[in-house]
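Analysis of the macromolecular model
Residues per chain, in single letters:
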Amino acid sequence: MGKNPVTVTVTGAGGQIAYAALFRIAAGDMLGPDQPVALKLLEIPEGVRAAEGVALELTDSAFPLLQNVEVTTDIAAGFDGTNVALLVGARPRTKGMERGDLLEANGGIFAPQGRAINDYAASDVRVLVVGNPANTNALIAQRNAPDVPAERFTALTRLDHNRAAGILAEHVGAPVADVEGVSVWGNHSPTQYPDLTHATVGGRPAYEVADPEWIRGPYVERVAKRGAEIIEVRGSSSAASAAGASIDHIRDWVLGTGERWTSVALPSEGWYGVPEGLVCSFPARSSGGRWSVVEDLSMDEFSAGKLAASVAELEAERDAVEELLG
Ligand code: NAX
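The text that follows walks through the structure, step by step, so that each part is easy to find.

Cut-off values and rules
- Residue numbers restart at each chain and count upward from 1, following the sequence in its written direction.
- Only residues with pLDDT of at least 70 get local features here, since the model is predicted, and only at 80 or more are side-chain atom pairs given and counted; chain-wide, interface and lining totals rely on the full set of residues.
- For side-chain calculations, the full set of non-hydrogen atoms in the structure is used, while hydrogens and water are omitted.
- Strands pair, by our definition, only if DSSP identifies at least two bridges between them.
- Secondary structure counts use DSSP, requiring at least four H or I residues in a row for a helix and at least two E residues in a row for a strand, with both numbered from the N terminus.
- We call two residues in contact whenever any of their non-hydrogen atoms come within 4.5 Å of each other.
- We call a residue near a molecule or strand when any one of its heavy atoms sits within 4 Å of it.
- Polar contacts, as used here, are pairs of N or O atoms within 3.5 Å; protein pairs need one atom able to donate a hydrogen and one able to accept it. Residues neighboring in sequence count only if both atoms are side-chain atoms.
- Using a 1.4 Å probe, the Shrake-Rupley method yields the accessible areas, and only the shown protein chains count as cover for residues.
- Ten residue types, Ala, Val, Leu, Ile, Met, Phe, Trp, Tyr, Cys and Pro, are classed as nonpolar, four, Asp, Glu, Lys and Arg, as charged, and the remainder, Gly among them, as polar.
- Structural elements are reduced to axes, namely lines fitted to C-alpha atoms, with helices fitted over the stretch in contact, and the angle between N-to-C directions of any two is expressed from 0 to 180 degrees.
- Between 65 and 115 degrees an angle is taken as roughly perpendicular, under 35 as roughly parallel, over 145 as roughly antiparallel, and anywhere else as oblique.
- It is the rotation of the near helix from the far one that decides the hand of a crossing: anticlockwise by less than a right angle makes it left-handed, clockwise makes it right-handed.
- Two aromatic rings from Phe, Tyr or Trp, using only the six-membered ring of Trp, form a pair when their centres are within 6.5 Å; if the ring planes differ by under 30 degrees the pair is stacked, by over 60 it is edge-to-face, and anything between is tilted.
- Relative accessibility under 20% of the residue-type maximum defines a buried residue, over 50% an exposed one, and the middle range a partly exposed one, all with a 1.4 Å probe and only protein chains included.
- Helix span, as expected, comes to 1.5 Å for every residue beyond the first.
- Each salt bridge in this description consists of a side-chain nitrogen of Lys or Arg and a carboxyl oxygen of Asp or Glu lying within 4 Å of one another.

With respect to topology, three strands assemble into an open sheet ordered β7-β10-β11, the strand pairing being antiparallel. The sheet is open, and its two edges are formed by β7 (179-180) and β11 (204-205), each paired on a single side. Direction of pairing for strand β10 (residues 200-201) relative to β11: antiparallel, over a ladder of two bridges. Across the sheet, residue Val201 finds its bridge partner in β11, namely Arg204.

Before going further, it helps to examine the environment of Trp253. Tracing the backbone through its elements, the reader meets Trp253 in helix α10 (residues 240-255). Once the C-alpha coordinates of Trp253 and Arg158 are considered, the two residues, 95 residues apart in sequence, prove to be 12 Å apart. Ignoring anything within four residues of it in the chain, the contact list for Trp253 reads Arg126, Val127, Glu151, Arg152, Thr154, Ser286, Gly289, Arg290 and Trp291.

Contacts to the ligand come from 23 residues, most closely from Gln16, Ile17, Glu43, Val130 and Asn132. Between the ligand and the protein, one listed contact pairs a nitrogen atom with a backbone N or O atom of Val130 at 3.3 Å. Alone, the ligand offers 890 Å² of accessible surface; in the complex the protein occludes 81% of this. Elements with a minimum of two residues in the shell around the ligand: α1 (16-27) and α4 (99-120). In the shell around the ligand, the residues fall into 10 nonpolar, 12 polar and one charged.

Right, let's get into the packing of α1 against helix α2 (residues 48-61). Following both chains from N to C, one finds α1 and α2 inclined at 30°, their axes separated by 11 Å at the closest point. For the element pair α1 / α2, the angle class is roughly parallel. The handedness of the crossing between α1 and α2 comes out as right-handed. Contacts between α1 and α2 involve Tyr19, Leu22, Phe23 and Ala26 from the first element and Val54, Glu57, Leu58 and Ser61 from the second.

A complete count under the given rule lists nine aromatic pairs for this structure. With a centroid separation of 4.9 Å and an interplanar angle of 45°, the aromatic rings of Trp214 and Tyr219 are classed as tilted. In this pair, the class of Trp214 matches that of Tyr219, namely buried. Taken together through their ring pairs, the aromatic side chains of Trp185, Trp271, Tyr272 and Phe282 make up a single cluster.

In this model, helix α6 (residues 158-172) (15 residues) spans 21 Å end to end at C-alpha, consistent with the 21 Å of a helix rising 1.5 Å per residue. Buried within α6 we find Arg158, Leu159, Asp160, His161, Arg163, Ala164, Ala165, Ile167, Leu168 and Ala169. Note on α6: the residue one or two positions beyond its end, Gly173, has a positive phi of about 70°.

Our focus in this paragraph is the pattern of salt bridges. Overall, the coordinates contain 16 salt bridges when judged by the stated rule. Here Arg222 and Glu229 are joined by a salt bridge, their closest N and O atoms 2.8 Å apart. The exposure class assigned to Glu229 is partly exposed, which follows from its relative accessible area of 25%. One connected set of salt bridges, linked through shared partners, spans Arg158, Asp248, Arg251 and Asp252.

The analysis is restricted to geometry; functional conclusions fall outside its scope.
Here it is as structure tokens:
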């Protein structure tokens, strides 16, 4: 007998990241080639026609694994029975908007979505927040979903992780599959710290393969500001790579990472001195459907300073949305 379908909700379904993600999800790239999926596309009224258009194209793709597609602007219906929620839709930062305004505008989205997940989602729900500011949006959603275990709320730093691996591989002229042990710490923002202390390329330490001055200077800067580089070169923000990273994140979470680790933002349990509850990126492995942070990695003064600076930013973001934290 075939497997029961997994219900996947994607918010911001009319947007560009969703457009790059949904067809791959329906094709089985995220949950496996034998796992049927039912899709729920949640949009706001301004975006719903675009989402309806995507639904038409999904039908026209005749994906054997795709059981059903529902388009809705109703938040309760959007999360009803959902097993995997990709929270992509968010309020973008517009000209003249301060970070505080951005956080507040997004609080108005992620607090009700957290409550709806709490009330309507399946008991095994797993949540990935992609919409920026992703870490703090995830914190807001998590704090508004008191009946869901906190560890089920994560934010996307896999794109940063993939960028960190890809840019290193390109720099040293190695295939990216040879890169292991990269860690991205902190916030999904320019303060993030892509860390190569424990990274290897083809089994050799990254710090031997590449110049340490480059690793701690231009490399960190380039990875952390890659989003802006993409906008400048492509003319719009990362879409296919963000979609691919979201799929990688959920696939690894559900199906496991094996011995390799990746990077994931999740509510801290005090690891590496990061205050409890803060949604912060750590190196992590997954098995049995659960993330476990890679603990006890050595961290020198430079790395500890970078992590502390990013954590300070996360704390400031948390304090700015205090009244939304349930
Ligand atoms: P788009 O502007 O193409 O699409 C966003 C869609 O979300 C729109 O269709 C809009 O109608 C919808 N939306 C807005 N509020 C909603 C709500 N309350 N419920 C449901 N849908 C809603 O943006 P896109 O390029 O797809 O990016 C989406 C988000 O991802 C942005 O916040 C962006 O900053 C963020 N990103 C996060 C990344 C990460 O690594 N964490 C990287 C890529 C990306 O920049």
